[in-house]
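# Reading the structure
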Amino acid sequence: MRKLLNIFIILSLSISAYSQEVEIGTIFTIEFSNPEKNMDFELISKSSYNEIIDLSKMDSIIKIEPKENQIIGVFANGKFGNKTNSMLVLISGLHYNLNYDLKIKLRNKKKLQKTSTSTLFKDVKSIEYWPYQIEKVDFKKFKTIPKENFEQFQIEVKIDSSCIKNVDKNIEFGEQEFKTHLDLVISELENSEDFELAKMTKYENSINSEDVSLGHFWSLGDGIYPNEKGFKFGNPISYRRIECPYFEGKSSYFYTKDDKSIKVVSFNWKTFKESNFGVNPEIKNDLNDNFTSKYDFIVTEVSKLLGKPLDIEQEEDSGRIDTKWKSSNGIKAYLFKFETYNDIRLYVYKE
């Protein structure tokens, strides 16, 4: 009997060190027993948090400073634009940069599913936001990132003169480049058994894209790419390009670690906040219209190559506008635009 009890205690300790669940409406503290040696952790405190997270009052969200071996977090409903949905705010006291694995429990879903996360930096509030309701989150594993993989992290005000110096890199130029790029990606997915990473790095170099890869691993959520064959991926490669004066774009390549075979290509358009606004403030007035036009343009171009979009039901209160495709030869694309802020994302892959 004592032997069974000892086994139970050992299993309980092992579970607590590697998996901790937090319900919605909670402020909590995660503590690492000895971060110099390993990243074993334990959820040492939880208490109710009944307020709505207000991003305009960041300093009031977490008022307690974490110790050097702790992370303090709030998992609650937060307001983003005119939508209120699940939000996770974390602040780390550790001297290391951290990545972590996180699973989420959606309403009406029995199983938890993995979600993407952002890197944690010491004394910097990290925000994860989901445009739908989540019942709980489950912290699975933390790992340190060597500091040499990052430039010194700091918040600073700077003026990016890219658009002033590169006036030719406008929307017309960017849309023509996207057509060429997308056609190349879909052609490789259709015709090549092995979509080599080297082909796309060569292409990016040919158009003088800026390599903005993070230098560490990050993954796509199951809702974007299910990875039903269980591929093991290397560190994604990302490139930046601009479409003056509105868009800052990024293309990313997700490839298998062993043979460098691309499985997913993503495109992302965000507001180019730091360039030209000071020179031409009127840009802000028609920014939303330009993002709507960009979305319509992408739908048209993808449809030319993959056919008519699928007839899907828009998820209620998702905070997104979704469009999906599946071609006759199995190429899939998922495009969405957030409703409350200007961010467009496109993912193209073939299982």
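Read on for a plain summary of the structure. This structure is a prediction, so every number in the text was calculated from the model and none was measured.

With that settled, the discussion passes to the sheet that holds strand S12 (residues 237-243). Spatially, S11-S12-S13-S14-S17-S16-S15 is the arrangement adopted by the 7 strands of the open sheet, whose pairing is antiparallel. Pairing within the sheet leaves two strands with one partner each, and these edge strands are strand S11 (210-211) and strand S15 (320-326). Where S15 lies against strand S16 (residues 331-338), 7 bridges are found, and the strand directions are antiparallel. Across the sheet, residue Arg320 finds its bridge partner in S16, namely Phe338.

Inspection of the entire model under this criterion finds 21 aromatic pairs. Note on Phe32 and Phe41: the rings are 6.1 Å apart at their centroids and 50 degrees apart in plane angle, and the pair reads as tilted. Assessed through its relative accessible area of 0%, Phe32 is described here as buried. Between the aromatic rings of Phe336 and Tyr347, the centroid separation amounts to 6.2 Å while the plane-to-plane angle is 25 degrees, which identifies the pairing as stacked. In this pair, Phe336 sits in strand S16 while Tyr347 sits in strand S17 (residues 343-350), placing the two residues 11 residues apart along the sequence. Among the residues examined, Phe336 registers a relative accessible area of 4% and is labelled buried. Against the face of Phe231 rests Lys263, its NZ or CZ located 4.5 Å from the ring centre. Residue placement shows Arg320 over the ring face of Phe336; its charged tip is 5.8 Å from the ring centre.

Across the 8 residues that make up S17, a large majority, 6, are buried. Relative to S17, strand S14 (residues 262-271) runs antiparallel, the two being bridged by 7 bridges. Bridge pairing links Ser266 to Tyr347 in S17. With 7 bridges joining them, S16 and S17 adopt antiparallel strand pairing. Residue pairing across strands places Ala333 opposite Val348, the latter belonging to S17. Between S16 and S17, which pair antiparallel and follow one another directly, the connecting turn spans 4 residues.

Rules used throughout
- Residues numbered from 1 in each chain as written.
- Predicted model: local features only at pLDDT ≥ 70, side-chain atom pairs only at ≥ 80, totals over all residues.
- Heavy atoms only, no water.
- Pairing = 2+ DSSP bridges.
- Helix = DSSP H or I, 4+ residues; strand = E, 2+ residues; numbered from the N terminus.
- Phe/Tyr/Trp six-rings, centres within 6.5 Å; stacked < 30°, edge-to-face > 60°.
- Buried < 20%, exposed > 50% of the residue type's maximum accessible area, 1.4 Å probe, protein only.
- Lys NZ or Arg CZ within 6 Å of the ring centre and 35° of its normal.

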